[in-house]
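Fold and geometry: a report
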Amino acid sequence: MQKVLIANRGEIARRIIETCKKLHIETVAIYAEADAELPYVKEADTAFLIGPSQVQQSYLKADEILALALREGVDAIHPGYGLLSENAGFARKIEEAGMIFIGPHPETIDKMGDKIGSRQTMQAAGVPVVPGTDEGVHTIEEAVQEAQRIGYPVMLKASSGGGGIGMIRCDDEQALSQNFVSVKTRAKAYFGDDVVFLEKYISGGRHIEVQIFGDTHGNIVHLYERNCSVQRRNQKVIEESPSPNFPQEARERLLKAAVDAAKAVNYRNAGTVEFIVDEENQFYFLEMNTRLQVEHPVTEAVTGFDLVEWQLQVAKGETLPVINQSDIHSNGHALEFRIYAEDPKTFFPSPGNIKTLEWGPTEGIRIDAGYEEGNTVTPFYDPMIAKVIFQADSRQEAINKAQKFFSSVRIEGVKTNVALFQEFLGATAFQEGTYTTAVLPQWLEQQKEEK
């Protein structure tokens, strides 16, 4: 593998370029008009304009990306996360064209991309799933009948959904009836599929996921878990590993279930198995993400492994760098914070020119940034500016490092959630590690009442 095209943008493109450079692999970047001045475009060995700023006319133009890859003689394509990363058709075309898709088998993407189908696969493998419907619900009447069987509150979800899109909590029949059509419509618009299903809402739940890795030689391992329960709009903003206040016995059961899930689909390359964990530490399968996750640096921080390097090696047909589970260890504690250009009160995006971007002291701190000072955050894509990762011997030390760091950050020109992090780090539930997926909205509501 001498030449890799990166079918993505921003910080994940930079991240992949970094490892490719380390391995002396040539990189080809693509960019839309709005991204022409971003750092990754300059850091790649070559970069090509792929289209206008709108994502449908640029980063989602699979056939044009494939044609470019063939013209440039690349050996492999890395899809990053989001965009075409979980598009089985794209992966299949890459392999049919004689190139390497740096990810799982297209068949696995197909199977796990359908949330209803993935539920059925996991049930067959003995992995616990959230009580819900095992088929799509097609009418409001059918949804109401199933919700009465499951018991409110329920989550109404798009079968092909992801990233928090196409899912909404319904506390009663009225809410379910009001949201049913809109969720189906949203699912059709975003994913081209309007099939929806219902799952029981697990109150007091924690969102805990497991990083898994497989190769083409039958080896599958886990690289421990990440707690991703600090969320807004069902999207993660803080992740950490290991998960606090999680008994070792429950952790071991969870990790085994994740490996069982991966084995059930003969998993290849990097993937994540996501679970919801209730107050009694019983866990239920939510979904499998068939790609590298945004929060993969958390795992890299505690294990010491370069997961992109693992991806490249496995894609070439090599065995996993470490095939014995007993040789993979989690050391210390890591926290990741996603810095967004957004209003911290409403979470609405705040596009604009980054006039000032000063991080302050960064020794011992990892920053995966998609933008630099002077760049513009446009309204066309996810407004994440950077991810900041803190690693220390203990959780409290990692929190202390984060508090000190955020007090020195200066970002001007766009609104960000940096001030929110500064305040939230002092929240009792977060400090004690007892938080659930409701922690951020509950804390924000408490802040309003106190003011």
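What this report covers is the structure whose coordinates are included nearby. The structure displayed is predicted, hence computed values, not measured ones. (Residues numbered from 1 in each chain as written. Predicted model: local features only at pLDDT ≥ 70, side-chain atom pairs only at ≥ 80, totals over all residues. Heavy atoms only, no water.)

1. Observations concerning the sheet that holds strand β19 (residues 384–392)
Strand order in this open sheet of 8 strands is β13-β12-β9-β10-β11-β14-β19-β17, and the pairing throughout is antiparallel. Here the strands that pair on one side only, and so sit at the sheet edges, are β13 (283–289) and β17 (365–369). Between one strand axis and the next, the sheet turns by 25 degrees as a mean value, whatever way the strands run. Here strand β14 (residues 333–340) runs beside β19; their pairing, made up of 8 bridges, is antiparallel. (Pairing = 2+ DSSP bridges. Helix = DSSP H or I, 4+ residues; strand = E, 2+ residues; numbered from the N terminus. Axes fitted to C-alpha atoms, helices over the stretch in contact; angles between N-to-C directions.)

2. Looking at the pattern of salt bridges
Applying the stated criterion to the full structure yields 40 salt bridges. Across the salt bridge formed by E43 and R14, the nearest N and O atoms sit 2.6 Å from each other. Residue E43 is located in helix α2 (residues 39–43), and its partner R14 is located in helix α1 (residues 10–22); the two are separated by 29 residues in the primary sequence. As a salt-bridge pair, K184 and D194 come within 3.7 Å of each other at their nearest N and O atoms. Of this pair, K184 sits in helix α8 (residues 173–191) while D194 sits in the loop between α8 and β8 (196–200), placing them 10 residues apart in sequence. (Salt bridge = Lys/Arg side-chain N within 4 Å of Asp/Glu carboxyl O.)

3. A closer look at the sheet that holds strand β1 (residues 3–6)
As summarised here, the arrangement of the 5 strands in space is β3-β2-β1-β4-β5, forming an open sheet in which the pairing is parallel. A single partner strand is all that each edge strand has here, and the edge strands are β3 (46–51) and β5 (100–101). Here β1 runs beside strand β4 (residues 76–78); their pairing, made up of 3 bridges, is parallel. Its bridge partner being in β4, V4 is matched across the sheet by A76. Helix α3 (residues 62–71) contacts β1, β2 (26–32), β3 and β4 of the sheet and is inclined by roughly 150 degrees relative to β3. (Contact = heavy atoms within 4.5 Å.)

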